[in-house]
Amino acid sequence: MTVYPTIHIACPEQPQTIRPALFGCNLEVTRRTFWAGLSAQMLNNRKFFAGTEEPCAWKLAGDAVYSREETGCRVRLAGGGSVLQDVSVRPLCRGRAYQIRVLAAAQGDITLSAEGGGISAAWTGIGGEPQTLTATISAPGDRECFSFCLRAEGTGAVTLYAVSLMEADHFHGMRRDVLERLKELAPAELRFPGGCFAEVYRWKDSLLPPDQRPPVQPTLYEGDFLLGDTFGQDCMDLGIDEFMALCAYVGAAPVLTVPMIIISNQDSIDLVEYCNGGPQTAWGRQRAERGHPAPYAVRDWYVGNELYYFGRRLREDPSLAAEETRALVAAMKAVDPSIRIIGCFCPSLPEWTAGYLRGAAAVLDALSLHFYLTDPFAPNRHTMSDTVRARVLPDAFVPLLKEGKQLADSLLEQSLPFSLDEWGYNWGERGTPVSMTVDALLLTYLCAHADDWGIEKALYFHPINEGLILADPKEARLDYTGRVFRLFAGHRGAQRLEAKGAGDGLAAAASWGPEGLLITLVNAARQNTQRFRLTGDRLSEGTEGHGVILTAGENGPEDTLVSWRVGDVCTLPPGAVAAIHFLQEA
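Just so it is clear, the structure is predicted and the values come from calculations on it, not from any experiment.

Peer 1: Can you help me understand the sheet that holds strand β4 (residues 59-61) in this one?
Peer 2: To summarise the sheet geometry, strands pair through backbone hydrogen bonds and adopt either a parallel or an antiparallel arrangement. On the basis of which strands lie adjacent, the open sheet formed by 5 strands has the order β4-β7-β12-β9-β10 and antiparallel pairing. Across the chains shown, the open sheet's two edge strands, defined by having one partner strand only, are β4 and β10 (119-123). On average, each strand axis in the sheet is inclined to that of its neighbour by 15 degrees, with strand direction left out of account. Sheet topology places strand β7 (residues 82-87) next to strand β12 (residues 146-154); 6 bridges connect them, and they run antiparallel. Residue pairing for β12: Leu 84 is matched across the bridge by Cys 149.

Structure (structure tokens):
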């Protein structure tokens, strides 16, 4: 007779709540997370900032000249000149309205026309100073790929500074279908602008009209890992007000990272006043005049991102990093004493961390912790075995937490909580069956043990086109880990229960909430089916639970409805994730 392992759901002696803040996300502008992701913009390099002889992604023809100047980049079209871009990031859909917007100035008698995929517009009488030209047109037919062309006709010339093509019903420049998927996941917090992007993001530029904002260049970093999909620049279409509107739309609390490496501290101090100051303050008044009278009330602020890797002088001298942190925090709290400050922390670099915390710990309210099992720079990225991935918890994640807690305890007179503000199997890639299983294991462990390690929040990196949401040209849908987050949603704010007996490749978390008992399980083994029995302190033999098993199908993640009975043998396929609800009190 086969003896199957038993997972027993027990009530803990001291009830604890699974923190909703464990279900947060980073919202960094990088790779295809914004461009070809959250952004509704259909044109790449729309301000012509990237390029040498021609602007990247564009083709010049006829009497067309590209120039790069200190005041900006531009394309000058004389009669018969044109500039064209092939568009495939979003299709044209019949009957849907699209908005064309051009920032341009002209000399002489010139007509500027825009045409692509059957939509067209034309403007005359363009003045000599830059002005915004707009047109809204309904698409006559469906076109998945098309060429979008601006052409000048006449005896003068027109200078183009920025061009935009979007669906007319965009939300502050963002795709509504992507926002709906993000809203469906209901992240507790969204962290912006990064991550690495935070150290090169100048928020005051975002107060300009979108077409007039200087693009962002990640000059701090080597290589193209940050903005390679947009030719090493970002058009600054997601400003601070747009981000706050996004947070309000999806119901997430905003958290912000301020730079410490190459941007003035005064920018960060002013940002606190802009976000949290009343209308009687200088920056609070500007916010109110821009249509936002109520403060944004940002509570949590990260000072610097991974200074121990990218901090230049601050990486070389942690005591200097601490000194500058103290000065910055003092000035930020002089504006708003109620804000919380989260500082850098890296267990794998104990000497830097020790030097930093000795000088900065007194002004910090939490420590920033990052975890990825692998990444695009890792030498084992394509050779990592399923065994290594299956043992992400005992061999990688738990040792990081143990090492981090021991280091923090040895340095701090009073303990500080951890903010796991970047985590995931990987970054820079779409979800896969492997990332689904590994991310589910990590989320299971956080639901069951976050309080054991003092983890107050967790922010997944990154929700869009890198794990949670696929922003394909035609539609946005939940990716592999996004489906996992949806299955685990019932744990948020629920009473944590203990799932005893899980092991040997099987992870489990359990909670009691308004809808009853929720058990989530992950089969870490990607080759073997797991069989086991479920029991519980207050689960009667034969009680039936209903739920979903998530597996990796040929065309993406697939849900299978299942019913399990307490005491019966339950089956979980290789690499699968299950969420089972029992209505009986636990």
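Peer 1: Honestly, unusual backbone geometry in this entry has me stumped. Any pointers?
Peer 2: Only a minority of non-glycine residues have a phi that is not negative, and only a minority of peptide bonds are not trans. The omega torsion across Phe 192 and Pro 193 is -5 degrees, close enough to zero to call that bond cis. Locating Pro 193 in the fold gives a position in the loop between β14 (189-192) and α3 (240-250). Backbone torsion omega between Gly 194 and Gly 195 reads 15 degrees, so that peptide bond is classified as cis. Relative to the helices and strands, Gly 195 resides in the loop between β14 and α3. Its identity is not glycine, yet Phe 48 carries a phi of approximately 60 degrees, on the positive side.

Peer 1: It is not clear to me how the layout of surface pockets should be interpreted in this structure. Could you clarify?
Peer 2: Approximately 600 Å³ is the volume attributed to the largest pocket. Lining the largest pocket are 28 residues, with Glu 306, Tyr 309, Tyr 372, Asp 375 and Trp 427 positioned closest to its centre. Among the elements of the structure, α6 (307-310), β18 (366-372) and α11 (392-411) are those that each provide at least two residues to the lining of the largest pocket. Per element, the largest residue contribution to the lining of the largest pocket is 4 residues, and it comes from β18. The residue inventory of the lining of the largest pocket, partitioned by class, reads 17 nonpolar, 5 polar and 6 charged. Of the pockets and cavities examined, the second largest pocket occupies roughly 500 Å³.

Peer 1: How do you make sense of the environment of Leu 518 when you look at a structure like this?
Peer 2: Structurally, the position occupied by Leu 518 is in strand β25 (residues 516-523). A relative accessible area of 2% places Leu 518 in the buried class. When the C-alpha positions of Leu 518 and Gly 545 are compared, they lie 9.2 Å apart, and in sequence the two are 27 residues distant. If we skip the residues at most four places from it in the chain, Leu 518 touches Leu 487, Gly 490, His 491, Ala 509, Ala 510, Ser 511, Ala 579, Ile 580 and His 581.

Peer 1: Any chance you could explain the nonpolar core here in plain terms?
Peer 2: For soluble globular proteins, nonpolar side chains are generally found buried alongside one another. Formed by 129 residues in total, the largest nonpolar core has its most connected members in Leu 256, Trp 301, Met 332 and Tyr 356. The element that contributes the greatest number of residues to this core is helix α12 (residues 433-449), accounting for 11 residues. Contacts of Tyr 356, omitting those with residues within four sequence positions, involve Val 303, Pro 318, Ala 321, Ala 322, Thr 325, Gly 343, Cys 344, Ala 361 and Leu 364. Core analysis: the next-biggest nonpolar cluster, separate from the first, contains 41 residues, Leu 43, Phe 48, Val 89 and Ile 110 among them.

Peer 1: Is there a simple way to think about empty space enclosed by the protein in this case?
Peer 2: In this approach, a probe sized like a water molecule rolls over the atoms, and the result shows the empty space that is left. Applying the stated criterion to the full structure yields 6 cavities of 30 Å³ or more. The space that makes up the largest cavity amounts to roughly 100 Å³. Lining the largest cavity are 13 residues, with Trp 35, Thr 230, Asp 234, Cys 235 and Asp 237 sitting closest to its centre. The residue makeup of the lining of the largest cavity, split by class, is 4 nonpolar, 6 polar and 3 charged.

Peer 1: Would you take a moment to explain the pairing of strand β24 (residues 506-513) for this structure?
Peer 2: In regular strands, side chains alternate between the two faces of the sheet. A large share of β24 lies buried, amounting to 7 of its 8 residues. Pairing of strand β23 (residues 495-500) with β24 involves 3 bridges; the strand directions are antiparallel. Its bridge partner being in β24, Leu 497 is matched across the sheet by Ala 510. Hairpin remark: β23 followed by β24, antiparallel, with 5 residues in the connecting loop; positive phi at Gly 501, about 100 degrees. With antiparallel pairing between neighbouring strands as the criterion, β24 and β25 make up a hairpin whose turn holds 2 residues.

What counts, and at which threshold
- Residues numbered from 1 in each chain as written.
- Predicted model: local features only at pLDDT ≥ 70, side-chain atom pairs only at ≥ 80, totals over all residues.
- Heavy atoms only, no water.
- Pairing = 2+ DSSP bridges.
- Helix = DSSP H or I, 4+ residues; strand = E, 2+ residues; numbered from the N terminus.
- Axes fitted to C-alpha atoms, helices over the stretch in contact; angles between N-to-C directions.
- 1 Å grid on protein atoms, 1.4 Å probe; cavity = no way out; pocket = protein on both sides within 12 Å on 5 of 7 lines; lining within 4 Å.
- Points joined across faces, edges and corners; volume = space filled by probe spheres on them.
- Nonpolar A, V, L, I, M, F, W, Y, C, P; charged D, E, K, R; others polar.
- Buried < 20%, exposed > 50% of the residue type's maximum accessible area, 1.4 Å probe, protein only.
- Contact = heavy atoms within 4.5 Å.
- Core = buried A, V, L, I, M, F, W, Y, C linked by side-chain atoms within 4.5 Å.

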